[in-house]
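Structure at a glance
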Amino acid sequence: MAGKNSKTGSRITTTATPCTRTHQIGALALVIFTFFLTRLIDQTFPPSSSFDSVPSHYSQYDAALVAAGGSLIWPQRGYGAQLSIKIYVYDEKEIDGLKLLLFGRDGKITPEACVKGQWGTQVKIHQMLLQSRFRTNKKEEADLFFVPTYVKCVRMMGGLSDKEINQTYVKVLSQMPYFRVSGGRNHIFVFPSGAGAHLFKSWATYLNRSIILTPEGDRTDKRDTSAFNTWKDIIIPGNVDDRMTKGDRLVEPLPLGKRKYLANYLGRAQGKIGRLQLIDLGKQFPNKLESPELKFSGSEKLERAAYFQHLRNAKFCLAPRGESSWSLRFYESFFVECVPVILSDQVELPFQNVVDYSQISIKWPSTQIGPQLLEYLESIGDNAIEKMIARGRKIRCLWVYAPESESCSAFTGILWELQKKVRQFHQSTETFWLHNGTIINRNLVEFGKWKPPLPLP
């Protein structure tokens, strides 16, 4: 092919090299050599096809959790390299009505009474924040505001009626200028039970932008409205009995070979289909599944020590849904070292950014509760069960409400989650601002001059 050089104007002639028979034979030999070399490499280093092999991402997750002697290392993406957050905790004396949500109308309900049982997170989180190095006493510098209430306990103990709870919440919120200025976006509320924020009947009007800490992710009201929003709310672990998580434990795990049952379900039926199916399954296979029909009281009620004695006597602990999707039994199983089997399709689990639940638990369709479930569990070898238990042993510190001096705890995990919720800017439909950053209300009154009670956003 001929072309013209733009600088010299001279003609440059190029001639293609002819493809000879020698070239063709050489190319064919190269193809054959490459084929056999590839086959040799494949046979020498075969891909892993084992069902029990650990996914590649798990080794990184596992290493992060056990680094620095077992301390928890949160992922930097979206969280920052370290905790740096300021939280203001409202005092019961500064807001009229807040005492009622803590201690009831007669003031006789105590934190000591409310910290017991699966709803104790409402007290523990409050008490730990009061002692936290991330607490600030200056509202103007706070990233977030914590509103302490023991409303689940107060309701259960007859301290306030549903109507009184609703009225008191509205009264309390109307006295908080910082709640109004953000539309509630930087305010934190704990609702520790399956009912979630529905304990406050008007939550949808007043707390639809606030941060809700709850173990419940799917509880809906009669209008089929869920109080949980994955964008703003945080799933927290349930409150496991301190006697199983700290110091000398109430009971110790049994070796797998000494456990009597393949699986167990130790809970009340409450008329729920899945639970009733497990009770029937236990009657069909009494040597494999321990599933008695427990009651609230009487001889069919298990006290705490007896409950954990039974719970530890199976390789798998079944956790079906009840009134709501979450189950405290899921968390308790880690401390008797049986593998939890989730039978609750809509369940939400805490700290999914650092915990790969497929490595420490099983989730089975609730529509497939029957002999096939037991057959599947029976097919799992003790070696695989031991591996799952060992992984669960490393991360169960995340279910323990310990002081923030503990690098791995439920409280530390919650602080990390809260840090991700911090916003530099909070918009409300009833707050406005001027060119110099001054915040005003609809009547052009500067924020520092707002007087309670305030109309709520």
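Just so we're clear, the structure is a prediction, and the values are computed from it rather than from any experiment. (Residues numbered from 1 in each chain as written. Predicted model: local features only at pLDDT ≥ 70, side-chain atom pairs only at ≥ 80, totals over all residues. Heavy atoms only, no water.)

**Concerning the state of the cysteines**
- Scanning the entire structure with this criterion turns up 3 disulfides.
- Here cysteine 317 pairs with cysteine 338 through a disulfide, and the sulfurs are 1.8 Å apart. Between cysteine 317 and cysteine 338, the S-S torsion sits near -110°, and that sign places the bridge as left-handed. Remark: cysteine 338 occurs in the loop between α13 (328-336) and β11 (339-343) and cysteine 317 occurs in strand β10 (residues 314-320); sequence separation between them is 21 residues.
- The disulfide partner of cysteine 397 is cysteine 408, and the gap between their sulfur atoms is 1.9 Å. For the disulfide bridge between cysteine 397 and cysteine 408, the dihedral angle about the S-S bond is near 70°, and by the sign convention the bridge is right-handed. Note that cysteine 397 is positioned in the loop between α15 (382-395) and α16 (410-421) and cysteine 408 in the loop between α15 and α16, a separation of 11 residues in sequence.
- Of the residues examined, cysteine 408 reaches a relative accessible area of 9% and is grouped as buried. (Disulfide = S-S within 2.5 Å. Helix = DSSP H or I, 4+ residues; strand = E, 2+ residues; numbered from the N terminus. Buried < 20%, exposed > 50% of the residue type's maximum accessible area, 1.4 Å probe, protein only.)

**Here we look at the sheet that holds strand β9 (residues 289-290)**
- Strand order in this open sheet of 5 strands is β9-β8-β10-β11-β12, and the pairing throughout is parallel. Across the chains shown, the open sheet's two edge strands, defined by having one partner strand only, are β9 and β12 (362-363).
- Bridge count for strand β8 (residues 261-264) against β9 is 2 bridges, and the pairing is parallel. Within β9, the residue paired with asparagine 264 across the bridge is glutamate 290. (Pairing = 2+ DSSP bridges.)

**Here's the deal with the environment of phenylalanine 134**
- Relative to the elements of secondary structure, phenylalanine 134 occurs in the loop between α5 (121-130) and β4 (144-146).
- Owing to a relative accessible area of 8%, phenylalanine 134 belongs among the buried residues under this scheme.
- When residues no more than four places from it in sequence are discounted, the contact partners of phenylalanine 134 are Leu83, Ser84, Ile85, Lys86, Ile87, Glu404 and Leu415. (Contact = heavy atoms within 4.5 Å.)

**Some points on the nonpolar core**
- Membership of the largest hydrophobic core comes to 58 residues, with the highest contact counts inside it found for Ile125, Leu213, Phe330, Trp399 and Leu418.
- If near-sequence neighbours (up to four positions away) are discounted, phenylalanine 330 is found in contact with Ala319, Pro340, Ile342, Leu349, Tyr357, Ser361 and Trp399.
- Counting 34 residues, the second largest nonpolar core, distinct from the first, contains Tyr90, Leu173, Met176 and Phe189. (Core = buried A, V, L, I, M, F, W, Y, C linked by side-chain atoms within 4.5 Å.)

**Points about the packing of aromatic side chains**
- For the structure on display, the rule yields 22 aromatic pairs.
- Between the aromatic rings of tyrosine 169 and phenylalanine 191, the centroid separation amounts to 6.2 Å while the plane-to-plane angle is 40°, which identifies the pairing as tilted. Taken together, the residues span a long stretch of sequence, with tyrosine 169 in helix α7 (residues 162-173) and phenylalanine 191 in the loop between β5 (187-190) and α9 (203-206) at a distance of 22 residues.
- The exposure class assigned to tyrosine 169 is buried, which follows from its relative accessible area of 1%.
- The ring of tryptophan 119 carries lysine 152 above its face, with NZ or CZ at 4.5 Å from the centroid. (Phe/Tyr/Trp six-rings, centres within 6.5 Å; stacked < 30°, edge-to-face > 60°. Lys NZ or Arg CZ within 6 Å of the ring centre and 35° of its normal.)

**Regarding helix α12 (residues 304-311)**
- Regarding α12, the residues found buried are Tyr307, Phe308 and Leu311. For α12, the arc enclosing every buried residue in end-on projection is 90°, short of the 170-degree limit, so these residues lie on one face.
- Those residues of α12 that are buried are in contact with α10 (242-245), β8, β10 and α13. (Arc of directions from axis to C-beta.)

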